[in-house]
Structures are given as structure tokens and as C-alpha cells.
Amino acid sequence: PVSALVHSSTLVTAGVYLLIRFNLMLVDMFFLKILLLLSGLTMFMAGISANYEFDLKKIIALSTLSQLGLMMSILSMGMPDLAFYHLLTHAMFKALLFMCAGVIIHMMNDIQDIRYMGGISMYIPLTSLCMNISNLALCGIPFLAGFYSKDLILEMVSMSNLNLMIFFLYYFSTGLTMYYTIRLLFYLMVNDYNLMVLYNLYDEDYTMLKSMFMLLFMSLVVGSFLSWMIFNYPYMIYLSINMKMMVIYVMLIGLLMGYLVSNMKIYSMNKFLMTYSLSNFLSLMWFMPNI
């Protein structure tokens, strides 16, 4: 629960909230162009690093970093209400995701490596339900919470006259979100029970499930509810059909790529090991911890 609070709504989003409050001081500054570039690269880097990570909490933390890059970039394009909206919806499903991960890690006798897990949905079906729904809300599956804010942000990016690089960073990072979510889903739910560790299998943690079901309901309805509550006028979006469907396209491509990479049997070679030095570079967050 502490990790859920820190990573979803309190500590990491304090800077975003501060910049939302002070956004009137920042209009028409050159700093915002630098911030747009940096936050777009943050989205990209965190999305790539989450694909190479095997620690359950670190995958969700890097996904939080990617969503923070999304909030900062839409903030630096001068739309603080959209950034605040995404912050609120992201807090719902990310807190749920961390609570599910905490239940799973506690069930695994404090093992965080996803390679040890597998077939969890046979043992804790309700926790897996919460985990999957919050993961899909993170991806932006239509009519869940994350879809409303993310789709609105990406359509406003498509409407504004930006260069191709920022556009590519946005859409590629959205595809990468789907990618590591499907990878996580394969490692946790679809793979077989791995028998690599002595599990501490119990049925369900019903005291955790009480609060998790509240968060589950919130991450289902909070997107439409908040969009009706905090926007006093709707955004006018005028796009062609392909640009309108671009979010769905990159989600389908990310789903396909995540399926192709993660559909592994116990004897398959890890696809990331084929390009070992590139994987090493990308999984160390472009050597940022060393720097």
C-alpha cells in the first residue's frame, strides 16, 4: 500500500501538480520546448526499459515514469487541465496495480521476479482480475479509465502543429505501454506454473480485496465521470479517420508485438538475448544510473 500511494498519486506526481499550479508563470517560455523534448524522451526510455525488466515492481514503476512523461509533455504543450485529468485517472488504476502486485509478491514468499511466476490466475482469480483490468486501463483499452484521458491527449497532440519526432515519440510510447502490459500478462497469467520456487499459495486476501474492488470500480468509471466533471467545455477535435483511429492502431500493433515476444515455452530462447549488447544498453535505461 505504501508503494501504491507513492507511485500512483502522492510523491512522484508532486512535481507535475506543482507545474500544473504554476502553469500561468510558464506560458511562452523556451523552457517548455526543452521540457517537451525531455518528457517525450522520458516516455520513450521508460517504455523501452520496462520491456527489458524482470522485476514486477520495477515494471510498474517504469510504467509510472512513462505516464509521468506523458503528463509533463501535455503540460508543456499548454494543456494543464488534460495533464490533471490524466493524473487523476492514472492514480486510480496504478494504485490498484500496485496493490495487486503486492498481493502477488506476498503470495510468492516475497519473490518479485516475474520469471518465477506463472499461472497465477488459477490460484488467485480475483486478484488477477483486478490486475488485468487495471493493466488494460493503463493501456487505454476503450471505455476504461485510461482510455478517455490518453485518447484525448493523443488527439490533441495530433491536432497541434508539432514536428514528426514528438509525434513519433508519443505514439511509439503508447505502443510500448501495450507491449510491456501484454508481456506482463503473459508472464503472470498465461504461462504455466513454473515450479521454480516453493509457493506460499493461499486462496485470496479478502481484506485487500475490499479496497481493491473499490479501486477497480473507480478505474472503470472515473474516466467518463471526470471528463463530465472537470471540463467545462469539450475540446474540438477535427481529424481524419486514420488519425482518429491511430491510438487503436498502435495498441493493436503493441498487442501483436507483445504476443510475439512473450509467447515462450519453458525451452524457448529469450528473444531479447538475441541482441544482447543492445538489450544491455536499453535495460540499463540508456546507462542513466551509471551517469
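Conventions used here
Residues numbered from 1 in each chain as written. Predicted model: local features only at pLDDT ≥ 70, side-chain atom pairs only at ≥ 80, totals over all residues. Heavy atoms only, no water. UniProt positions renumbered as here; feature names shortened; annotations may be inferred. Helix = DSSP H or I, 4+ residues; strand = E, 2+ residues; numbered from the N terminus. Rg over C-alpha atoms; globule rule 2.2 N^0.38 Å. Buried < 20%, exposed > 50% of the residue type's maximum accessible area, 1.4 Å probe, protein only. Contact = heavy atoms within 4.5 Å. Areas by Shrake-Rupley, 256 points an atom, 1.4 Å probe, with all protein chains shown as cover. Lys, Arg positive; Asp, Glu negative; His and termini not counted. Charge placed at Lys NZ, Arg CZ, Asp CG, Glu CD. Axes fitted to C-alpha atoms, helices over the stretch in contact; angles between N-to-C directions. Left-handed = near helix turned anticlockwise from the far one by under 90°.

Identification of the protein as NADH-ubiquinone oxidoreductase chain 5 from Papilio xuthus is taken from an unreviewed UniProt entry. Taken directly from UniProt, the Subcellular location (unreviewed entry) text for the protein runs: "Mitochondrion inner membrane". UniProt lists a comment for the protein under the heading Function (unreviewed entry), and it reads "Core subunit of the mitochondrial membrane respiratory chain NADH dehydrogenase (Complex I) that is believed to belong to the minimal assembly required for catalysis. Complex I functions in the transfer of electrons from NADH to the respiratory chain. The immediate electron acceptor for the enzyme is believed to be ubiquinone."

Draft legend 1. Focus on the overall build of the protein. Looking only at helices and strands, the protein has twelve helices and zero strands in total. The secondary structure elements of the protein, listed N-terminal to C-terminal, are α-α-α-α-α-α-α-α-α-α-α-α. A globule of 291 residues ought to have a C-alpha radius of gyration of about 19 Å, and the protein, at 19 Å, matches this closely. Every one of the 291 residues in the protein was classed for burial, and the buried ones make up 51%. Intrachain contacts of the protein at a sequence separation of at least 6 include 83% that bridge at least 24 residues. Here the protein has roughly 14300 Å² of accessible surface; of this, 72% comes from carbon and sulfur atoms. Positive and negative side-chain charges in the protein, numbering 12 and 12 respectively, have mean positions lying 5 Å apart.

Draft legend 2. Focus on the environment of Leu32. Structurally, Leu32 is set in helix 3 (residues 31-51). It is 7.4 Å that separates the C-alpha atoms of Leu32 and Met77, two residues lying 45 residues apart in sequence. Discounting chain neighbours no more than four positions away, the residues touching Leu32 are Leu26 and Ser76.

Draft legend 3. Fine view of the environment of Leu154. Within the fold, Leu154 resides in helix 7 (residues 145-159). Taking relative accessible area as the criterion, Leu154 reaches 0% and is therefore assigned buried. With near-sequence residues (within four places) excluded, Leu154 lies in contact with Tyr170, Tyr171, Thr174 and Val247.

Draft legend 4. Structural view of the environment of Ala95. Mapped onto the secondary structure, Ala95 falls in helix 5 (residues 80-107). Looking at Ala95, the relative accessible area reads 11%, which means it is buried. In the structure, Ala95 is positioned 151 residues away from Met246 in sequence and 28 Å away in space, judged by C-alpha atoms. Beyond its immediate stretch of four places on either side in the chain, Ala95 contacts Ala4, Ser8 and Leu215.

Draft legend 5. Here's a closer look at the packing of helix 5 against helix 6 (residues 125-139). The contact between helix 5 and helix 6 brings their axes to 9 Å, and the two run at 145°. At the point where helix 5 passes helix 6, the crossing takes the left-handed sense. Of the residues in helix 6, those touching helix 5 at Phe93, Lys94, Leu96, Leu97, Cys100, Ala101, Val103 and Ile104 are Thr127, Cys130, Met131, Ser134, Asn135, Ala137 and Leu138.

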